[in-house]
Amino acid sequence: MDLKFVRENPDEARRMLALRRSRVDIEQILSLDEERRKLVRRRDELRHEQKVISEAIAKGKREKKEEAEVFERARRLSEEVKEVEVKLRQLEAEQEELAKLLPNRVHSTVNEEEEVVAHWGEMPKFDFQPLAHWDLGEALNIIDLEAAARLAGSRFVVFKGQGALLERALINYFLDTAVRRFGYTEVMPPALANFATLEAAGQLPNLAEEMYLTRDDDFYLIPTAEPQLVAYYRDKTIDAESLPMKMVAYTPCFRREAGSYGKDVRGMIRIHQFDKVELVRLTFPERSYEDLEEMRQEAESLLKELGLPYRVKRLAAWDIAFQSAKTYDLEVWAAGVGRWLEVSSISNCEDFQTRRGRIRVRGKDGKTFYPHALNGSALALPRTFIAIVENFQQKDGSVLVPPCLRPYTNGLERLG
RNA sequence: GGAGAGAUGGCCGAGUGGACGAAGGCGCGUGACUCGAAAUCACGUAUACCCUUUCAAGGGUAUCGGGGGUUCGAAUCCCUCUCUCUCCGCCA
């Protein structure tokens, strides 16, 4: 929601913010806006007068007659304009800062309750006690958490040997499927992003504490490829014929996990750096919810092919991301830890990000509009890795590689 | 890191202090010509904000990479930042 929406629908804005459990002060925004409009009016009037006088001076010069009192009036006007403009600039900055804290509106199908909308697959049964991935990983020598702690710190992971191979295979399988079967264009963006990009996509200002910031230059390590793909055309007008624009990227993702001390501390359920393949679409507003369902099907098809049982949740209004209007989460069952793990989050952000990033589309009629932006993980790697090793572990301690990955593991069918 | 050149509308490109929201071209739209099309010709072709009026319309202001300054007046002069290009240095 933007300032205009708040101004025109204050009651609806209040309802949305309550639904989202946002603490943004709408009354302050509204009163600032009133003040700003008064100043804008004053400024416009003064500027108009100034223009008229300037023209008179120009005309006088041409006719070679100068009038001292006109000059004096112009000088005073100029000072007055400057005064008003300084005040206005302050006010606008203040207002913009507040406006950036306004989250997106939520879609009408989203309410205060989350809902599990789909289930797929059978949870595996074992005639032995299945191990968690940290034990399996150590036994098979495919992940090394101790070395990761030494090299970087806690909550990092080192993949090794067949583990590194499996990680690499998953990345390539996801990318190839997105490109060949789903028709996305592969992009390899920088892993660092600037302020404007993250602000456009909605990670800033609210996620500032969740991201790593470089010290000597103001670069953020990306928490997801989403901003890089969404803001690809920031400040650009693109042609309607290129819609829907479908982009896929593999990137490492970096998260400080600042608010989650003590949560998921073991293993690699929650780590500071992880791999992810991300899908983004820019599409026509009237069909963006069809796109959302398509993207959900795409992500689901990966899990089906891998043979991993999962469930789909439609998130509650208070739980969806700042920039999103509607979000599905895909959670995969991991037999070792005995938990559902989120491996994908698929969101329709409508025109929230494209407005912030001034990403426009020129239609055939020459008019421009803001396309809708959607994003979805397909998929996040570590938890998919966890589910594979935990669900497909065998009594002898080995792990079966899902058939769809074998072209990417050089034919390796079994870890261990 | 050092030296220099540059950034103008959807695109190309002119413009070095006043009649410039900005020549010209391309593209796009509408119309004419045509059985239809191409070519040609005519007209039109940005966005945001404020005000009036609100099915439609009118007025004002801002915007020539971003920000600041000089000036009665800035696309044009000055400062600064960002980005692009060329050369030098360093380097996976």
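Structure first, text after, so check above.
An account of the accompanying structure is given in this report. (Residues numbered from 1 in each chain as written. Chains lettered and ligands numbered in written order. Predicted model: local features only at pLDDT ≥ 70, side-chain atom pairs only at ≥ 80, totals over all residues. Heavy atoms only, no water.)

Here we come to the sheet that holds strand S5 (residues 237-239). Strands sit in the order S5-S11-S12 across an open sheet of 3 strands; the sheet is mixed. On the outer flanks of this sheet lie S5 and strand S12 (368-369), each paired with one strand and no other. Sheet topology places strand S11 (residues 360-362) next to S12; 2 bridges connect them, and they run antiparallel. In the strand pairing of S12, Arg-362 is matched with Thr-368. (Pairing = 2+ DSSP bridges. Helix = DSSP H or I, 4+ residues; strand = E, 2+ residues; numbered from the N terminus.)

What follows deals with the packing of aromatic side chains. Per the stated rule, a full pass over the model turns up 9 aromatic pairs. With a centroid separation of 5.3 Å and an interplanar angle of 70°, the aromatic rings of Phe-126 and Phe-128 are classed as edge-to-face. Judged by relative accessible area, which is 24%, Phe-126 ranks as partly exposed. Taking the centre distance of 4.9 Å and the plane angle of 55° together, the rings of Tyr-232 and Tyr-233 count as tilted. Residue Tyr-232 is classed as partly exposed on the basis of its relative accessible area, which comes to 46%. Tyr-233 gets classed as partly exposed once you look at its relative accessible area, which sits at 22%. Pairwise contacts between aromatic rings join Tyr-173, Phe-174 and Tyr-408 into one cluster. Looking at Lys-246, its charged tip hangs above the ring of Tyr-184, at a distance of 5.3 Å from the centre. (Phe/Tyr/Trp six-rings, centres within 6.5 Å; stacked < 30°, edge-to-face > 60°. Buried < 20%, exposed > 50% of the residue type's maximum accessible area, 1.4 Å probe, protein only. Lys NZ or Arg CZ within 6 Å of the ring centre and 35° of its normal.)

With that out of the way, let us pick up the protein's contact with RNA strand B. Around RNA strand B, a shell composed of 24 residues is seen, among which Arg-47, His-48, Lys-61, Arg-62 and Ser-78 lie nearest. For RNA strand B, the backbone makes up 68% of the atoms found within 4 Å of the protein, where backbone means sugar plus phosphate. Within the side chain of Gln-50, an N or O atom sits 3.4 Å from a phosphate oxygen of RNA strand B. Looking at the surface near RNA strand B, the elements with two or more residues in it are helix H3 (26-62) and helix H4 (68-99). Counting residues per element, the surface near RNA strand B draws most heavily on H3, which supplies 15 residues. In terms of residue class, the surface near RNA strand B is built from 5 nonpolar, 4 polar and 15 charged. (Near = heavy atom within 4 Å. Polar contact = N/O pair within 3.5 Å; in protein donor to acceptor, adjacent residues only side chain to side chain. Nonpolar A, V, L, I, M, F, W, Y, C, P; charged D, E, K, R; others polar.)

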